[in-house]
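# Reading the structure
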Amino acid sequence: MAKVAFIGLGVMGYPMAGHLKVKGGHEVAVYNRTFAKAEKWAAEFGGKAFATPAEAAKDADFVFTCVGNDDDLRSVTIAKDGVLDGMKPGAILIDNTTASAEVARELDAATRAKGFSFIDAPVSGGQAGAENGVLTVMCGGEEETFEKARPVIDAYARMVGLMGPAGAGQLAKMVNQICVAGVVQGLAEGIHFGKQAGLDMEKVIEVISKGAAGSWQMDNRHKTMIAGKYDFGFAIDWMRKDLGIVLSEARLNGAKLPVSALIDQFYGDVQDMGGNRWDTSSLLARLEKK
């Protein structure tokens, strides 16, 4: 058992912190910008809620963060009363936010300067993966630090891997989002085409899902897509944030991402339709718009 702090109790962080307490058996302190939510979590799981990130991080062996973006991350780490003001020497900061590689490297340098260690550890698997404790975690950092952190991360993960030095976890998550965007657009176009052609798409998916076209997205989203329901996971607002990070990094490293750039525009079209909080499979709604 370790002493753990978890900062950020959104749709991902709330169940992840729960797994650290229940499955991992750790002593967990929590912080959330809305304190009532931290109190709710503490009442549900038996942990402790604190008013600042620094207070939650005090005496913790491992400090987890899972917030919205680079600026949110800085506000709970390096800003006044952030976790770096409360962490003890030798503690490890593990960031589950999907953020830029730049901020990961920034936090790595900041933690080293204070005698802490850092792992950037963005996750894939969505809300369902977080709730079921089966996330995929892509890590960046020193191997020694990773080996210390891995048994703790395992509480909410199905797969955990070290991708390279600080920032490599975030870069791997960018690869993940590039692949997801392409797969979802292809699935949306396939379903749209099949419906236009008068096919029974349930029967079509039953067959093609067992072949080369099969994917997680097809298995888990085709029924809701066919039904025109888009309230089942990762919101478009967040996907556009992620694709923005991807495209910004591509401009730095010279990668050519024409499909990702186009799909980002398509998601913008869905936002214009009022679908900001629809899940990413709602690319189909754009194609079916009359």
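Note that the coordinates shown come from a computational prediction; the quantities given were computed from them, not determined experimentally.

Attention now goes to the overall build of the chain. For the chain, the count of helices and strands is 13 helices and 9 strands. Here the C-alpha atoms of the chain give a radius of gyration of 20 Å, agreeing with the 19 Å that 2.2 N^0.38 yields for 290 residues. Seen through its principal axes, the chain has C-alpha atoms that stretch 65 × 45 × 35 Å. At a minimum sequence separation of 6, the contacts of the chain that also span at least 24 residues come to 67%. Element-wise, carbon and sulfur atoms account for 54% of the exposed surface of the chain, whose accessible area totals about 13400 Å². Both charge centroids of the chain, one from 32 positive and one from 36 negative side chains, sit 3 Å from each other.

Taking the UniProt record as the reference, the feature "domain: 6-phosphogluconate dehydrogenase NADP-binding" (unreviewed entry) is found at residues 3-162. The distance from the first to the last C-alpha atom of residues 3-162 is 23 Å, and the span holds 41% helix and 24% strand.

Another point: unusual backbone geometry. Positive phi, close to 70 degrees, is recorded for Asp59, a residue that is not glycine. Examined against the element boundaries, Asp59 turns out to sit in the loop between helix H3 (53-57) and strand S4 (62-65). Residue classification places Asp59 among the partly exposed residues on the basis of a relative accessible area of 41%. We note that Asp81 has phi near 70 degrees; this positive angle belongs to a residue other than glycine. Within the element layout of this structure, Asp81 appears in the loop between helix H4 (70-77) and strand S5 (92-95). For Asp81, a relative accessible area of 34% translates into the label partly exposed.

A word on the pattern of salt bridges. Per the counting criterion, the structure on display carries 14 salt bridges. Between Lys114 and Asp85 there is a salt bridge, with its nearest N and O atoms 3.8 Å apart. Linking Lys114 in the loop between helix H5 (101-113) and strand S6 (117-120) with Asp85 in the loop between H4 and S5, this pair joins segments that are 29 residues apart in sequence. Judged by relative accessible area, which is 43%, Lys114 ranks as partly exposed. Asp85 sits in the partly exposed class, given a relative accessible area of 46%. Put simply, Arg286 and Asp269 hold a salt bridge, and the shortest N to O gap is 2.9 Å. Of this pair, Arg286 sits in helix H13 (residues 283-288) while Asp269 sits in helix H12 (residues 258-272); the two residues are 17 residues apart in sequence, bridging distant segments of the chain. For Arg286, a relative accessible area of 24% translates into the label partly exposed. Taking the relative accessible area as the measure of exposure, Asp269 reaches 32% and is therefore partly exposed.

Bringing the UniProt feature "domain: 3-hydroxyisobutyrate dehydrogenase-like NAD-binding" (unreviewed entry) in the chain into the picture now. This chain's UniProt record puts "domain: 3-hydroxyisobutyrate dehydrogenase-like NAD-binding" (unreviewed entry) on residues 167-285. Span residues 167-285 is 71% helix and 0% strand, its end C-alpha atoms 35 Å apart.

Pairing of strand S8 (residues 135-140) with strand S9 (residues 157-164) involves 6 bridges; the strand directions are parallel. Note on S9: the bridge partner recorded for Cys139 is Leu162. The parallel pair S8 and S9 is bridged by helix H7 (residues 143-153), and the resulting crossover is right-handed.

Conventions used here
- Residues numbered from 1 in each chain as written.
- Predicted model: local features only at pLDDT ≥ 70, side-chain atom pairs only at ≥ 80, totals over all residues.
- Heavy atoms only, no water.
- Helix = DSSP H or I, 4+ residues; strand = E, 2+ residues; numbered from the N terminus.
- Rg over C-alpha atoms; globule rule 2.2 N^0.38 Å.
- Contact = heavy atoms within 4.5 Å.
- Areas by Shrake-Rupley, 256 points an atom, 1.4 Å probe, with all protein chains shown as cover.
- Lys, Arg positive; Asp, Glu negative; His and termini not counted.
- Charge placed at Lys NZ, Arg CZ, Asp CG, Glu CD.
- UniProt positions renumbered as here; feature names shortened; annotations may be inferred.
- Buried < 20%, exposed > 50% of the residue type's maximum accessible area, 1.4 Å probe, protein only.
- Salt bridge = Lys/Arg side-chain N within 4 Å of Asp/Glu carboxyl O.
- Pairing = 2+ DSSP bridges.
- Right-handed = clockwise from strand over helix to strand, strands pointing away.

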